[in-house]
Amino acid sequence: MDKKLHVILSGGGTGGHIYPAVAVAEALKRRLGERVELLFVGAEGKMEMEKVPALGYRIVGLPIAGLQRRLDWHNLLVPFKVLRSLRLARRVIREFGADVVVGFGGYASAPVLRAAQRMGIPTLIQEQNSYAGVTNRLLARGARCICTAYEGMERFFPADKIVFTGNPLRGRFSKAGADRAEALQHYGFSSDRQVILIVGGSLGTRSLNEMMKAWILSLGGAEAPVQVIWQTGKYYEREMQEFLAAHPVPGIWQGAFIERMDLAYAAADLVVSRSGAGTVSELCLVAKPVLFVPSPNVAEDHQTMNARALEQQGAAAIVPDAACRTEAMPRALELLADRAALQRMSESIEKLARPHAAEDIVDQIIKLLK
């Protein structure tokens, strides 16, 4: 490719849309270096307007807003914001000289993708979940290519446009990963007891934190049968610190964040986690058995769909959010006691890994221009 390639990447509102876009941006830079110029487009006031510049990329914000699911007078403003965002998106595309526009879902990507399609500029959509989002479904007809993280997505998209790539991830996750002995030492754990990793996301998850509190209280001061890496999230950090100080249990590491996920995965025999698209893809790459507690507070219950897609392959177990406080830890301990089942789950989830997703999506972007 002789001329400089101008690529717009758009998606936002949550890290699940932002970080796949950043992963593809990084892959484009690795592949093309100075021969590619990148521009992100997001929604004003949303987290991408802070996260993307912090990673060194330029971003333009549009005044787009999504419909509130409850009755809210702000919904009356949405059509006006959509029209204004479409006009601004056309201007951004022209001034930047976009050759291709890549959308990663969320309403933030809708105006720039729609504008590009009307202007005859090729568009590519990346869908992270097993149940496609509204924005991607609406824009699929005009897209040239749709990269999916799950097979069987023909029920949402035209079959001839689908390319199964997996989800693009930042970082280098793999089954080999970090050294387990180093990981156990990092957390102050011994090698004679199994380890459960509880992951509640950067903000935290009330359900998983309440699950841990109930389990610790059920021990009645006795030593825990397993060691636990308990990631509480920043919203719950102080509350959970105070709880653990009042009910100390040896062998529990607690923190708001996990800086070295490679060490956490290396230490873990089993993961208890939400089932967002990025987390699912990471777990496939590290081949860790997992007990999913899908969040019920997401659009179209896509976390449950993601978890079921793995459960059907024998790659995961599920406990519903409503039951997790009393049922998740007993189920986790039951799984840990069955080493053969853990091995089967690990082998099954590893088969679903797509370690080259970002590079495969870059292949499709370049193919659109040839």
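A. Representation of the sheet that holds strand 8 (residues 195-199) in the model. In space, the 6 strands of this open sheet follow the order 10-9-8-11-12-13, with parallel pairing throughout. A single partner strand is all that each edge strand has here, and the edge strands are strand 10 (252-255) and strand 13 (317-318). As judged from the 3 bridges shared by strand 11 (residues 270-273) and strand 12 (residues 290-292), these two strands associate in the parallel manner. The residue of strand 12 that forms the bridge with V272 is L291. Helix 8 (residues 237-246) contacts strand 9 (227-231) and strand 10 of the sheet and is inclined by roughly 155 degrees relative to strand 10.

B. A look at the environment of Q254. Structurally, Q254 is set in strand 10. Sequence separation between Q254 and E237 is 17 residues, and the spatial gap between their C-alpha atoms is 8.7 Å. Ignoring sequence-local partners within four residues, the contact set of Q254 consists of W230, T232, M240, Q241 and L244. Here the side chain of Q254 touches M240 through a polar contact of 2.9 Å, landing on its backbone oxygen.

C. Spotlight on the pattern of salt bridges. Here the structure, examined in full by the defined rule, presents 14 salt bridges. A salt bridge links D363 to R31, with the shortest nitrogen-to-oxygen separation between them at 2.9 Å. Within this pair, whereas D363 is found in helix 14 (residues 357-368), its partner R31 is found in helix 1 (residues 15-32), the two being separated by 332 residues in sequence. A residue is classified by how much of its surface remains accessible, and D363, at 34% relative accessible area, is partly exposed. Residues joined in a network through salt bridges with shared partners are R206, E210, K213 and E239.

D. Quick look at a nonpolar patch on the surface. Side chains of Y19, M47 and L55 sit close together on the surface and give an oily, nonpolar patch of about 220 Å² of accessible area. Judged by its relative accessible area of 31%, Y19 is partly exposed.

E. Geometry of the packing of aromatic side chains. As enumerated under the stated definition, the model contains 5 aromatic pairs in all. Taken together, the ring pairs connect Y131, F156 and F157 into an aromatic cluster.

F. Local environment of the sheet that holds strand 7 (residues 162-164). Reading across the sheet, the 7 strands line up as 3-2-1-4-5-6-7 and stay open at both edges, with parallel pairing between neighbours. Of all strands in the sheet, those with a lone pairing partner are strand 3 (59-62) and strand 7, marking the two edges. If you compare each strand with its neighbour and ignore which way they point, the axes differ by 25 degrees on average. Both strand 2 (residues 36-43) and strand 3 contribute to a ladder of 4 bridges, which runs parallel. Note that in strand 3 the partner of A43 across the bridge is L62. Helix-sheet contacts for helix 14 involve strand 4 (100-103), strand 5 (123-127), strand 6 (145-148) and strand 7, and the interaxial angle to strand 5 is about 160 degrees.

G. Highlighting the packing of helix 7 (residues 206-219) against helix 12 (residues 324-336). Remark: helix 7 packs on helix 12, axes separated minimally by 8 Å, with the N-to-C direction vectors making an angle of 70 degrees. Here helix 12 runs roughly perpendicular to helix 7, going by the angle between their axes. Seen from above, helix 7 lies across helix 12 with right-handed handedness. Between helix 7 and helix 12, the residues in contact are R206, S207, L208, E210, M211, M212, A214 and W215 and C324, R325, A328, M329 and L333, respectively. For the contact of helix 7 with helix 12, the class distribution of residues is 9 nonpolar, 1 polar and 3 charged.

H. Representation of helix 8 within the structure. Along helix 8, the residues classified as buried are M240, F243 and L244. Looking straight down helix 8, one finds that the buried residues subtend no more than 95 degrees of arc, so they occupy a single side. The outward face of helix 8, more than 90 degrees from its buried face, is lined by the exposed residues R238, E242, A245 and A246. In this structure, the buried residues of helix 8 make contact with helix 7, strand 9 and strand 10.

I. Molecular detail of the layout of surface pockets. Roughly 490 Å³ of volume is contained in the second largest pocket. The wall of the second largest pocket is formed by 25 residues, among which A149, Y150, E151, A309 and L352 lie closest to the centre. Class assignment for the residues of the lining of the second largest pocket results in 13 nonpolar, 7 polar and 5 charged.

Cut-off values and rules
Residues numbered from 1 in each chain as written. Predicted model: local features only at pLDDT ≥ 70, side-chain atom pairs only at ≥ 80, totals over all residues. Heavy atoms only, no water. Pairing = 2+ DSSP bridges. Helix = DSSP H or I, 4+ residues; strand = E, 2+ residues; numbered from the N terminus. Contact = heavy atoms within 4.5 Å. Axes fitted to C-alpha atoms, helices over the stretch in contact; angles between N-to-C directions. Polar contact = N/O pair within 3.5 Å; in protein donor to acceptor, adjacent residues only side chain to side chain. Salt bridge = Lys/Arg side-chain N within 4 Å of Asp/Glu carboxyl O. Buried < 20%, exposed > 50% of the residue type's maximum accessible area, 1.4 Å probe, protein only. Patch = residues over 30% accessible without salt bridge, like charges linked within 9 Å, V, L, I, M, F, W, Y side chains within 5 Å. Areas by Shrake-Rupley, 256 points an atom, 1.4 Å probe, with all protein chains shown as cover. Phe/Tyr/Trp six-rings, centres within 6.5 Å; stacked < 30°, edge-to-face > 60°. Parallel < 35°, antiparallel > 145°, perpendicular 65-115°, else oblique. Left-handed = near helix turned anticlockwise from the far one by under 90°. Nonpolar A, V, L, I, M, F, W, Y, C, P; charged D, E, K, R; others polar. Arc of directions from axis to C-beta. 1 Å grid on protein atoms, 1.4 Å probe; cavity = no way out; pocket = protein on both sides within 12 Å on 5 of 7 lines; lining within 4 Å. Points joined across faces, edges and corners; volume = space filled by probe spheres on them.

By themselves these figures say nothing about function.
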